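# Chain and residue survey
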Amino acid sequence: MTDTDRLAELVRGGGVAILSGAGISTESGIPDYRGPSGRLRAQLPMTIREFTGSVEARRRYWARSQIGWPRMSSATPNAGHQAVAALQAAGVLAGIITQNVDGLHQAAGTRSVIELHGSLARVVCLECGARTPRAELAERLSAANPGFAELALTPSDNPDGDVALAEEHVARFRLVGCECCGSDLLKPDVVFFGENVPHPRVERCYALVTAAACLLVLGSSLTVMSGLRFVQRARRDGIPVVIITRGVTRGDPLADLKLDASLGPTLTRLAAAIGATAGTGSGDHVPATPAPTGR
């Protein structure tokens, strides 16, 4: 049997849990924090300690995010997202965990996605806990900083709040406060680097993995424990692990099958092999967070 045949055989049996990472969204034009090597790119992401520690750090994050947000919010699902939605519609998936914060699985029509690292579509006030749509904050920041989004910038390979932006532009950026309490402690509703995933969310993921017949990892480097722990749990429980991504991952020694391949074409072939037809999604992009688009 070829690797594709083995993959189709495992998936055809049903009960598949998916763990997706940044690699499935890069084909939609969303940058990741790590290339195929798994190493962080030159621009380090904002940490939770930095963000909460100073207003200057928050100004830098939101100034950069105001530039990066249009790219995130306008991204559309690619063939990989569509194939995952088709696999779910065919009834072979037990559930989906995503490390991504972009909402593209949901935009492709996938339901009941556990967003491990949260969602960029929401903003949370760290003072009063109020949650509001990111699109509304973008409008308020735009009104407070007329012409800012039209700055001539060099295209960046960094995600959202870590895009390249000259310090003089950051310095003149005006923040806006929470509409409920006035605090400037507004944060995207995502798990920043150095921040823990809420325990109940982690337990939901463990429950999904331990009840699955197979764990399919898509586009994750598994470099950090946030995602790797689920592969370790599957291995401990004797659940087959399949990893499909470009480059080496930290979970490769634990995998029963590893495919070094692009997600879109591979998942499209997989869906076709088991008779699942990819659709066109909901047509609505509802961006959903490490931070970031996957780790």
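Structure shown above.
Residues numbered from 1 in each chain as written. Predicted model: local features only at pLDDT ≥ 70, side-chain atom pairs only at ≥ 80, totals over all residues. Heavy atoms only, no water.

### Focus: helix α10 (residues 263-273)
Defined as follows: Residue burial is assigned from relative accessible area. The probe radius is 1.4 Å, only protein chains are included, and a residue is buried under 20% of its type maximum, exposed over 50%, and partly exposed in between. By the criteria applied, helices consist of DSSP H or I runs no shorter than four residues and strands consist of E runs no shorter than two, each listed in order from the N terminus. Residue contacts follow a heavy-atom distance rule, with two residues in contact if any of their heavy atoms lie within 4.5 Å.
Regarding α10, the residues found buried are L263, G264, T266, L267, L270 and A271. Looking at the buried residues of α10, the elements they touch are α1 (3-12), α4 (79-89), β7 (214-218), β8 (241-245) and β9 (257-260). Of the residues one or two after α10, G275 is the one with positive phi, at around 80°.

### Considering the pairing of β8
Our working definition: For two strands to be treated as a pair, DSSP must find no fewer than two bridges joining them. A crossover gets the label right-handed when its path from the first strand over the helix to the second runs clockwise, viewed with the strands pointing away from the viewer.
Of all five residues in β8, five are buried; the element is thus mostly enclosed. Side chains V241, I243 and T245 project from β8 onto one buried face, and the interleaved V242 and I244 project onto a second face that is buried too. Here β7 pairs with β8 via four bridges, running parallel. Its bridge partner being in β8, L218 is matched across the sheet by I244. Where the polypeptide runs from β7 across helix α9 (residues 225-236) and back to β8, its parallel neighbour, the crossover connection is right-handed. The pairing of β8 with β9 spans four bridges and is parallel. Bridge pairing in β9 links T245 to D260.

### A word on the sheet that holds strand β6 (residues 186-190)
The criterion, for reference: Between N-to-C directions, angles span 0 to 180 degrees; the directions come from axes that are lines fitted to C-alpha atoms, helices contributing only their stretch in contact.
Here three strands make up an open sheet; going across it, the order is β5-β4-β6 and the pairing antiparallel. Edge positions in the open sheet fall to β5 (131-133) and β6, since each of these has one partner strand only. In this sheet, neighbouring strand axes are inclined to one another by 40° on average, regardless of whether the strands run parallel or antiparallel. As paired strands, strand β4 (residues 118-125) and β5 are joined by three bridges and run antiparallel to one another. Looking at the pairing, R122 lines up with P133 of β5. Sheet strands touched by helix α3 (residues 55-74): β4 and β6. Its angle to β4, the strand with the most contacts, is close to 145°. In this fold helix α6 (residues 134-144) packs onto β4, β5 and β6, with an angle of close to 75° to the strand it touches most, β5.

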